[in-house]
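Letter by letter, the chains look like this.
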Amino acid sequence: MNVFLSKRRQNSSSGATSPDTMSTNPPDMGVDISSTDYASRRRELMKMMADLKSMGAEALIDLPSVVVIGGQSAGKSSLVEAVSGINVPRDSGTCTRCPMECTMSSHATSWSCTITLRMSFDNNGRDMLKTVTVPFGRTITNRSEVEVWLRRAQAAILNPNVPSSSFHTKTIEELRSIRNTLKFSRNVVCVSIEDPDATDLSFYDLPGLIQNEEAETVALVKSLAEHYTKKENTIILTTIPMSDDMENQQSMTLARAADPDGKRTIGVLTKPDTLGVGAINQRRRWVDIIEGRSEDHTLRHGFLLLYPRLREDIDKLLAQCNKEFDALPPPLANDPQIEVLGRVNAFCDVFKSFVNGSHEDKRLAQRNRALYAIFKRDIRGTAPDFRPLENPEDCPPLDDTEGKMTLTERDPGVKMMGIYDISKAIQEAIGWELPNNVPYQAKANLIAQFVKLWVAPSERCLASINDVLDQVVDTLISVHFGRFKVLEGYVGTQVDTCKALAKEAVKKALDLEATPYYTQNTHYLQTLSEKWLAYYKIVRKRKLDRGPTVCESVAISPYHRGESPESKALRALAEAGYTSLSIPDLARLLPPDSREKELIVMADVRAYYHVAYKRIIDHIPLTIEHALHHALAEQLSQSLLTSLLTDVASGPNFSERMNELVSEDASIAQRRAALSTRKQRLSDIRRRLVTFSSSA
């Protein structure tokens, strides 16, 4: 540790240095310290420290350590990278959510890195009886892979109930989408770096101190930092962004509380370039702090200055390059045949879960239910508009047998029909019937008038359902086949086939409502017919009794201010012992109406409408669901694979055709290659700058 500090301080008598700035002092041409007995002894001590930590000794004794602390966006990651020479995860907000122990050893001939998980605490943060060290992944020999492996290791720490090996192959995007079991953890990701150019050193990188979070989370992160910094054998390395005043630095406040005399605290000043040219007073205060003239901010080991400049520019370029590279679809990892089959099966499985409603995205089921509700409303709007008067205009619509409801949306094809209209329909249907017999054809003709109106709502419903299906399928295609336009075409063909079959199925369902007009629900039909006949009779009676405004009175009869004649009659009959009677029962007491047969036709047709209405509003949606969605879900996998294999088998070369099916746009491949080259160049430049910073 002292070697590290001396290397950082030897170039500045004022207590500050700039790691990215070339030293003007000549390098020490004396003995190479890494080959001395001291260096050998130092490596042995570090090995012993690692062994003690793996045995859980930290819970029992105060082991020497270096701890890096700092607030969010304080430049802590830049410091860790400058010291270790590796890229650590960077994201907006809090990225580090558990301690990372980084141990570097120069006793190696080539660079390598291994990661282990040191589990000393359970899910509730309590000490475990025995510390468990879990190897994580393979030995890393490529520096560019360290970042993703660190993300994987942290995800394993934050999800202790999931096997750590399940995180070994996850991508950065997959890791970002994981809902972690724990927000933070006291268990440690241990990074061991073998690097011939490194300084032998071990330090902890702690989660950044936060403020704009839930109080419990803020306290948890703070307590984690306090746990490490309170130990007397700990050197506190605190990052201090110069973009804010020293008095506002949370990490410095915490370090002062743990080390009031500043004997074991080193301040690392970051982001000096954020001080504008005009910030004269602020610049002067920072110079006083750096040169040790500030009585309020004095540290025994002084302050170091981390000046990024080139590093910061490279970091920005590398971050942008990574962002563009990650936005591209990853290259194929499997054999083309496996890739085709895997994508087809995955697409079909997800689509089936959409259809069954088991997928977390419920929009297919929810939007279809809404469309079926509209279909129900449209069919209800085709109800016959029968008004049992010679002048139907004198009566408002009669949309139920109690006068409580009036349709708000009526199909424009529905015609208002009065007594004369029904009489005309009967006359036009008479053939060789005996006198006083109403021909069945009259009722059939009236039923046909509303049944034919069901075609348009059914077609509209199916068209809207198809639109929703297209949107869902397009979304799934973009996820599973977006890069492969050839495969996308096969899916579209299967969807179009099922759409055509569903259209034919809906047509057949509507044909079932054509002649013969039939139901086995005779009790419901008879009950409704009697209710409508009684209602029509009462409407006509009130017309004769009260004149032109009779229908208005009927429509509001349940809320009539006074007692209606029917209510008085029912009360009198109840007093005479005739209970359980209703207004339709009173209609039977009325004298025969001269328009009895017209009223019966009205009542029978209206009753059959309700029977057929209740049938069709279920039959059409179920037909669509089974003939379209469920049929497509059940047949899609087999149909797609059959079409693909038939097409491939008919070609001259099976392998070439499979490659063609999963061939991506040439521009994407070119873009990926260009970004990959650029990324490698930027990484090499960054690594060279880091190496220079470490040796400066």
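Our subject is the structure listed above.
The sections below set out a description of the structure shown in this document. Each chain has its residues counted from 1, following the order in which its sequence is written. Local features are withheld for residues below a pLDDT of 70 in this predicted model, meaning they are given only at 70 or higher, and side-chain atom pairs are given and counted only at 80 or more; totals for whole chains, interfaces and linings count all residues. Side-chain figures throughout are based on the complete set of non-hydrogen atoms in the structure, without hydrogens or water.

### Describing the environment of R90
- Here R90 is to be found in the loop between α3 (76–84) and β2 (100–105).
- When the C-alpha atoms of R90 and A319 are compared, they prove to be 9.1 Å apart, with 229 residues separating the residues in sequence.
- What R90 contacts, discounting residues up to four positions off in sequence, is S77, S78, E81, C95, E147, R151, D315 and R686. Per the convention used, a helix needs a DSSP run of H or I reaching at least four residues, while a strand needs a run of E reaching at least two, with both numbered from the N terminus. Any two residues having at least one pair of non-hydrogen atoms within 4.5 Å are treated as being in contact.

### Overview of the pattern of salt bridges
- Any Lys or Arg side-chain nitrogen located within 4 Å of an Asp or Glu carboxyl oxygen qualifies as a salt bridge. Under the criterion given, the structure shown has 26 salt bridges.
- Of the charged contacts in the structure, one is a salt bridge between D195 and R143, with a shortest N-O distance of 3.4 Å. You can see D195 sitting in the loop between β5 (188–194) and β6 (201–205) and its partner R143 sitting in the loop between β4 (127–140) and α4 (146–158), a full 52 residues away along the chain. In this pair, the class of D195 matches that of R143, namely buried.
- The network of salt bridges with common partners includes R377, D378, E409 and R460. For each residue, the accessible area found with a 1.4 Å probe, counting protein chains only, is set against the maximum for its type, and the residue is called buried under 20%, exposed over 50%, and partly exposed in between.

### Quick notes on the environment of P272
- With respect to the helices, strands and loops of the structure, P272 is situated in the loop between β8 (265–270) and α8 (280–290).
- Accessibility expressed as a relative area gives 10% for P272, which makes it buried.
- Between the alpha carbons of P272 and L305 there is a distance of 8.1 Å; along the sequence they are 33 residues apart.

### Comments concerning the packing of aromatic side chains
- Here is the rule: rings of Phe, Tyr and Trp (six-membered ring for Trp) pair when centre to centre is within 6.5 Å. Planes less than 30 degrees apart are stacked, more than 60 are edge-to-face, and the remainder are tilted. One pass over the structure, following the stated rule, counts eight aromatic pairs.
- Ring centres of Y204 and Y228 lie 4.9 Å apart, and the angle between their planes is 55°; on these two criteria the pair is classed as tilted. Here the residue Y204 occupies a position in strand β6, and Y228 occupies one in helix α6 (residues 215–229), the gap between them amounting to 24 residues.
- On the basis of relative accessible area, Y204 is assigned to the buried category, the value being 1%.

### What to know about the side chain of H629
- Within the secondary structure, H629 is located in helix α20 (residues 596–649).
- On the basis of relative accessible area, H629 is assigned to the buried category, the value being 1%.
- Side-chain polar atoms of H629 contact the side chain of E625, separated by 2.9 Å.
- Setting aside its immediate chain neighbours within four residues, H629 contacts F351, V355, L364, N368, Y372, I465, L469 and I624. Throughout this description, a polar contact denotes any pair of N or O atoms lying within 3.5 Å of each other; where both atoms belong to protein, one of them has to be capable of donating a hydrogen while the other can accept it, and for residues adjacent in sequence the pair is counted only when both atoms sit in side chains.

That is the geometry; function is a separate question.
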